[in-house]
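Observations on chain architecture
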Amino acid sequence: MSKILKVTPNDDYTLLVEFEHGNKIIFDMKEMIRTLPFSSLEDLSRFKDITVEEKAICWPEPVPGEKSIMPLRLTVDNMLFTIRG
């Protein structure tokens, strides 16, 4: 599985994800944002506030200083599962 090198969040709720070996994808999150786990990302500034781990895209806690039960992470596996349908 490829390592994520860089992620660029766009105003249309897509992510330009760049992997090692030069591979790139545009991942559309519009449908995912309509689901409960990702609904807080409807706020565009929050959507764009990402960090990148080796194989995941992460967003900070919805309420600063409070730990959520399920941290917001989007892994390479999640993206592949969504793309393949």
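Everything discussed here concerns the structure shown above.
Residues numbered from 1 in each chain as written. Predicted model: local features only at pLDDT ≥ 70, side-chain atom pairs only at ≥ 80, totals over all residues. Heavy atoms only, no water.

**Section: the sheet that holds strand β5 (residues 56-58)**
The condition is simple: Any two strands with at least two DSSP-identified bridges between them are counted as paired. Under the DSSP-based scheme used, a helix requires at least four consecutive residues in state H or I and a strand at least two consecutive residues in state E, with every element numbered from the N terminus. Lines are fitted to the C-alpha atoms to define the axes, a helix being fitted only along its stretch in contact, and any angle between axes, read from their N-to-C directions, falls within 0 to 180 degrees. Here, two residues are considered to be in contact whenever any of their heavy atoms come within 4.5 Å of each other.
Taken in spatial order, the 3 strands line up as β4-β5-β6 in an open sheet, and their pairing is antiparallel. Pairing within the sheet leaves two strands with one partner each, and these edge strands are β4 (51-53) and β6 (73-75). In this sheet, adjacent strand axes meet at a mean angle of 20° when their direction is disregarded. Of the pairings in the sheet, the one linking β5 to β6 comprises 3 bridges and is antiparallel in character. Note that in β6 the partner of Ile57 across the bridge is Leu74. Packing of helix α3 (residues 76-84) onto the sheet brings it into contact with β5 and β6, and relative to β6 it is tilted by some 70°.

**Remarks on the pairing of strand β3 (residues 24-28)**
The side chains of a regular strand alternate, residue by residue, between the two faces of the sheet. In terms of strand pairing, strand β2 (residues 14-19) meets β3 through 5 bridges, oriented antiparallel. Of the residues in β3, the one forming a bridge with Leu15 is Phe27. Count of turn residues in the β2/β3 antiparallel hairpin: 4 residues, of which His21 carries a positive phi of about 70°.

**Re the pattern of salt bridges**
Convention followed: Salt bridges are identified by distance alone: a Lys or Arg side-chain nitrogen within 4 Å of an Asp or Glu carboxyl oxygen. Partly exposed residues are those whose accessible area sits between 20% and 50% of the maximum for their type, while under 20% is buried and over 50% is exposed, using a 1.4 Å probe and protein chains only.
Scanning the entire structure with this criterion turns up 4 salt bridges. A salt bridge links Asp11 to Lys48; the shortest N-O distance between them is 2.3 Å. One end of the pair, Asp11, is in the loop between β1 (4-9) and β2; the other, Lys48, is in the loop between α2 (44-47) and β4, and 37 residues separate them in sequence. A relative accessible area of 53% means that Asp11 is categorised as exposed. Lys48 sits in the partly exposed class, given a relative accessible area of 36%.

**A few points about the sheet that holds β2**
Strand order in the open sheet formed by 3 strands is β1-β2-β3, with antiparallel pairing between adjacent strands. Both edges of this open sheet fall to β1 and β3, since each of them pairs with a single strand only. Neighbour-to-neighbour, the strand axes of this sheet turn through a mean angle of 20°, independent of strand direction.

**A few points about the side chain of Glu18**
Within the fold, Glu18 resides in strand β2. When residues no more than four places from it in sequence are discounted, the contact partners of Glu18 are Lys3, Ile4, Leu5, Lys6, Asn23 and Lys24.

**Examining the packing of aromatic side chains**
Here is the rule: Whether two aromatic rings pair depends on their centres lying within 6.5 Å, for rings of Phe, Tyr and Trp, where Trp uses its six-membered ring; planes under 30 degrees apart make the pair stacked, over 60 edge-to-face, and the rest tilted.
The tally for this structure, following the rule as stated, stands at 3 aromatic pairs. A centroid spacing of 6.4 Å and a plane angle of 80° characterise the contact between Phe38 and Trp59, whose relative ring orientation is edge-to-face. With a gap of 21 residues between them, Phe38 in the loop between α1 (30-33) and α2 and Trp59 in the loop between β5 and β6 connect regions that are remote in the sequence. Judged by relative accessible area, Trp59 falls into the buried class, the value being 6%. A network of ring pairs unites the aromatic residues Tyr13, Phe38, Phe47 and Trp59 as a single cluster.

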